[in-house]
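# Structure assessment
Listed below are the residues making up each chain.
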Amino acid sequence: CGSICMCKVCAKIVTEKRRSELKQGTGTWKNTGGHLYFISLTSRHNSNTHFRTMKEGQSKAQDYFFSGRTAEKLFDELGKVGHIVSNETTYSPANGHHPHKHILIFSDKKLNADELSELELKLALHWQHCCELSGIELPDLEHGLDLRDGTYADQYISKWGIEEEMTKSQQKAGKNGSYTPWDLLELSIEDKPLSNGKLPSKLFQEYALVFKGTRLLSWSRGLKKLLNVLQKTDEELINETDKNSFVVIDVSTLTFALIKKNKVRHLYLDWVLADIKTYGLDNMAKIDYKDNYTNSVVKRNINILLLKELE
């Protein structure tokens with residue numbers, strides 16, 4: 001479907017390929033003698049802060065952050081040639097939704113620890129002013145902005161998108177009692193209230209509506225061309241993957257209706273995997289669940305759902 005905010009399947013495909021682009025671009029830059037710096041941006045919030053208002057305010061603050069004379073001067077000190085912005089969010093029962101931004105800076109200057117520390121304070125004050133202009137709560141100087149060197153940037157690139165956001169989502173709980181959107185999606189299967197009484201399903205729906213259409217990774221103008229990274233849309237990346245896919249099993253209209261009504265999409269995939277182990281992957285597309293394969297896990301469970309419906 002190409003919706004990387006709402007569909008974990010598409011998100012896994014796109015974010016892994018974006019990570020490859022990221023590694024290619026940063027590798028090219030470092031091979032030419034360039035340097036990387038890493039900036040984190042956030043704003044003050046609590047459990048009563050309106051999610052959409054905060055996210056939209058941060059987007060406006062980001063525009064201010066990169067524009068104007070102050071920004072030009074500060075980023076000249078940092079040696080910025082280009083940048084990449086990653087939009088991320090987590091949720092904690094104590095403090096609510098936490099949208100934040102990570103920025104990779106491609107620089108032609110090597111700064112020492114003292115220079116970075118001095119520049120971090122200047123950028124933090126600048127970010128506070130940008131938040132004020134955007135009408136969102138001002139962060140304090142300690143937590144609003146963080147500036148790191150290329151070592152931390154390399155660690156971030158290696159994990160972005162696929163490791164933390166995708167492959168570790170089965171752990172459910174994020175760091176310090178927080179949850180990623182995919183944690184909330186998985187928890188919504190049982191949909192037990194969190195410690196603050198909120199339902200994971202409703203929290204994921206809120207995230208999906210607020211982040212719909214958001215580019216989770218944005219390159220500054222001309223940077224991909226400079227680093228010889230191909231410019232492809234999320235849809236193009238999905239289509240490339242679709243060309244290499246194949247049909248495992250056809251799902252009838254009746255079966256899909258039963259799956260939806262009983263909210264067992266996740267279980268249906270487990271049933272299919274069980275049948276693959278029994279009959280083999282190559283035979284799955286040939287199975288006629290109406291007449292044959294009496295030991296089929298899919299057939300047995302769909303029949304149970306059908307009888308439940310008839311009753």
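Residues numbered from 1 in each chain as written. Predicted model: local features only at pLDDT ≥ 70, side-chain atom pairs only at ≥ 80, totals over all residues. Heavy atoms only, no water.

## A short note on unusual backbone geometry
- Of note, Asp 191 is a non-glycine position whose phi angle comes to about 55°, a positive value.
- Relative to the elements of secondary structure, Asp 191 occurs in the loop between helix 7 (181–187) and helix 8 (200–211).
- By relative accessible area, which is 22% here, Asp 191 ends up partly exposed. (Helix = DSSP H or I, 4+ residues; strand = E, 2+ residues; numbered from the N terminus. Buried < 20%, exposed > 50% of the residue type's maximum accessible area, 1.4 Å probe, protein only.)

## Some words on the packing of aromatic side chains
- Scanning the model with the defined rule gives 10 aromatic pairs in all.
- Residues Trp 29 and Phe 106 carry aromatic rings whose centres are separated by 6.1 Å and whose planes lie at 75° to one another, so their mutual orientation is edge-to-face. Here the residue Trp 29 occupies a position in helix 1 (residues 8–31), and Phe 106 occupies one in strand 3 (residues 96–107), the gap between them amounting to 77 residues.
- Taking relative accessible area as the criterion, Phe 106 reaches 0% and is therefore assigned buried.
- Ring centres of Phe 65 and Trp 127 lie 5.7 Å apart, and the angle between their planes is 90°; on these two criteria the pair is classed as edge-to-face. Of this pair, Phe 65 sits in helix 2 (residues 51–65) while Trp 127 is found in helix 4 (residues 113–134), placing the two residues 62 residues apart along the sequence. In this structure, Phe 65 and Trp 127 share a single accessibility class: buried.
- Site record: aromatic cluster; members linked through ring pairs are Phe 51, Trp 182, Phe 204, Tyr 207 and Phe 211.
- The ring of Phe 75 has Lys 80 lying over it, and the distance from NZ or CZ to the ring centre is 5.5 Å. (Phe/Tyr/Trp six-rings, centres within 6.5 Å; stacked < 30°, edge-to-face > 60°. Lys NZ or Arg CZ within 6 Å of the ring centre and 35° of its normal.)

## A closer look at the pattern of salt bridges
- The final tally for this structure, using the stated rule, is 8 salt bridges.
- Among the ionic pairs, Arg 52 bridges to Glu 56, the shortest N-O distance being 4.0 Å. Of this pair, Arg 52 and Glu 56 both sit in helix 2, 4 residues apart, which is roughly one turn of that helix.
- Exposure remark for Glu 56: the relative accessible area of 43% places this residue in the partly exposed category.
- Glu 118 is the partner of Lys 122 in a salt bridge, and the nearest nitrogen-oxygen pair spans 3.6 Å. Pair noted here: Lys 122 and Glu 118 are both in helix 4, with a separation of 4 residues, about one helical turn.
- You can call Glu 118 partly exposed: its relative accessible area is 48%. (Salt bridge = Lys/Arg side-chain N within 4 Å of Asp/Glu carboxyl O.)

## Considerations on the side chain of Ser 107
- Within the fold, Ser 107 resides in strand 3.
- Polar side-chain contacts of Ser 107 include one of 2.6 Å to the backbone oxygen of Leu 78.
- If near-sequence neighbours (up to four positions away) are discounted, Ser 107 is found in contact with Trp 29, Gly 34, His 35, Tyr 37, Leu 78, Gly 79, Lys 80 and Val 81. (Polar contact = N/O pair within 3.5 Å; in protein donor to acceptor, adjacent residues only side chain to side chain. Contact = heavy atoms within 4.5 Å.)

## Structural notes on the side chain of Ser 134
- Positionally, Ser 134 belongs in helix 4.
- A distance of 3.0 Å separates a polar side-chain atom of Ser 134 from the backbone nitrogen of Ala 61.
- Beyond its immediate stretch of four places on either side in the chain, Ser 134 contacts Gly 57, Lys 60, Ala 61 and Tyr 64.

## Remarks on helix 8
- Taking 1.5 Å as the rise per residue, helix 8 with 12 residues should run 16 Å; its terminal C-alpha atoms sit 16 Å apart, in good agreement.
- Within the sequence span of helix 8, burial applies to Pro 200, Ser 201, Leu 203, Phe 204, Tyr 207, Ala 208, Val 210 and Phe 211.
- Residues of helix 8 that are buried in the fold lie against helix 2, strand 2 (80–92), strand 3 and helix 7.
- Where helix 8 ends, the next residue or the one after it, Gly 213, has phi of about 85°, a positive value. (Expected span 1.5 Å × (residues − 1).)

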